[in-house]
Amino acid sequence: MCRNIRTLHNFEPPATKDEVQSAALQYVRKIGGSAKPSQANAAAYDVAVAEIAAATQRLLDSLVATTQPKDREEERAKAKARSEARFARA
């Protein structure tokens, strides 16, 4: 359920609003225990996602990196290679 929650700090290009929103949505779904809330809880989920996305963006904006930013495509290729190696053995 938390597949979209990934490290968002210190990447080039920086995390997009959609990436921050996706991470916030996955977090709220995990904490709330439901991927699709009932109508009675939908508004509470929406408010929580908006607040967490805003807090996440503030955090990312205030963090200071001491290393060079990572390249998104390079990191994606490394993760794919790790996954292929892990599942090739199975």
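You'll find the structure just up there.
What comes next is a walk through the structure. No experiment lies behind these values; they were computed from the predicted model shown. (Residues numbered from 1 in each chain as written. Predicted model: local features only at pLDDT ≥ 70, side-chain atom pairs only at ≥ 80, totals over all residues. Heavy atoms only, no water.)

### Topic: the overall build of the protein chain
Just so we agree on the cut-off: Each helix corresponds to a stretch of at least 4 residues labelled H or I by DSSP, and each strand to a stretch of at least 2 residues labelled E; elements are numbered beginning at the N terminus. The size measure is the radius of gyration over C-alpha atoms, and the globule rule it meets is 2.2 Å times the number of residues to the 0.38 power. Each residue is assigned to one of three classes by its accessible area relative to the maximum for its type, calculated with a 1.4 Å probe on protein chains only: buried under 20%, partly exposed between the two thresholds, exposed over 50%. The protein chains shown are the only cover counted for residues, whose accessible areas, like all others here, come from Shrake-Rupley with a 1.4 Å probe. For the purpose of counting charges, residues Lys and Arg are taken to be positive, whereas Asp and Glu are taken to be negative. His and the chain ends are not included. Every charge is mapped to an atom, namely NZ of Lys, CZ of Arg, CG of Asp or CD of Glu.
For the protein chain, the helix and strand inventory stands at three helices and two strands. Expected size for 90 residues packed as a compact globule is a radius of gyration near 12 Å; at 16 Å, the protein chain overshoots this value by more than 25%. For the protein chain, the proportion of its 90 residues judged to be buried stands at 16%. Accessible surface, the protein chain: about 7000 Å² in total, of which carbon and sulfur atoms supply 54%. Charged side chains in the protein chain number 15 positive and 11 negative. The centres of these two groups are separated by 8 Å.

### Some remarks on helix α1 (residues 17-32)
The condition is simple: To estimate the expected span of a helix, count its residues, drop one, and scale the result by 1.5 Å.
Counted at 1.5 Å a residue, the expected span for α1 with its 16 residues is 22 Å, and the 22 Å between its end C-alpha atoms agrees. In the segment just after α1, Gly-33 is the residue with positive phi, at about 75°.

### Concerning the layout of surface pockets
Filter applied, for reference: Buriedness for pockets is judged along seven lines, at least five of which must meet protein on both sides within 12 Å for an open set on the 1 Å grid over protein atoms alone, while cavities are sets there where a 1.4 Å probe fits but cannot get out, and lining residues have an atom within 4 Å of a point. Grid points are joined across faces, edges and corners, and a volume is the space filled by probe spheres set on the points. Amino acids outside the nonpolar list (Ala, Val, Leu, Ile, Met, Phe, Trp, Tyr, Cys, Pro) and the charged list (Asp, Glu, Lys, Arg) are all regarded as polar, and Gly is one of them.
Here the largest pocket is characterised by a volume of approximately 450 Å³. Listed by contribution, the elements that provide at least two residues to the lining of the largest pocket are α1 and α3 (72-88). Considering each element in turn, the lining of the largest pocket owes the most residues, five residues, to α3. Of the residues belonging to the lining of the largest pocket, the class tally is three nonpolar, three polar and seven charged. Of the voids in this model, the second largest pocket is the one considered here, and its volume is about 170 Å³. Along its surface, the second largest pocket is lined by Leu-8, His-9, Asn-10, Phe-11, Glu-12, Pro-14, Ala-15, Gln-57, Leu-60, Asp-61, Ala-65 and Pro-69. Every element with two or more residues in the lining of the second largest pocket is listed here: β1 (11-12) and α2 (39-62). Tallying contributions element by element places α2 first for the lining of the second largest pocket, with three residues. Residue composition of the lining of the second largest pocket, grouped by class: seven nonpolar, three polar and two charged.

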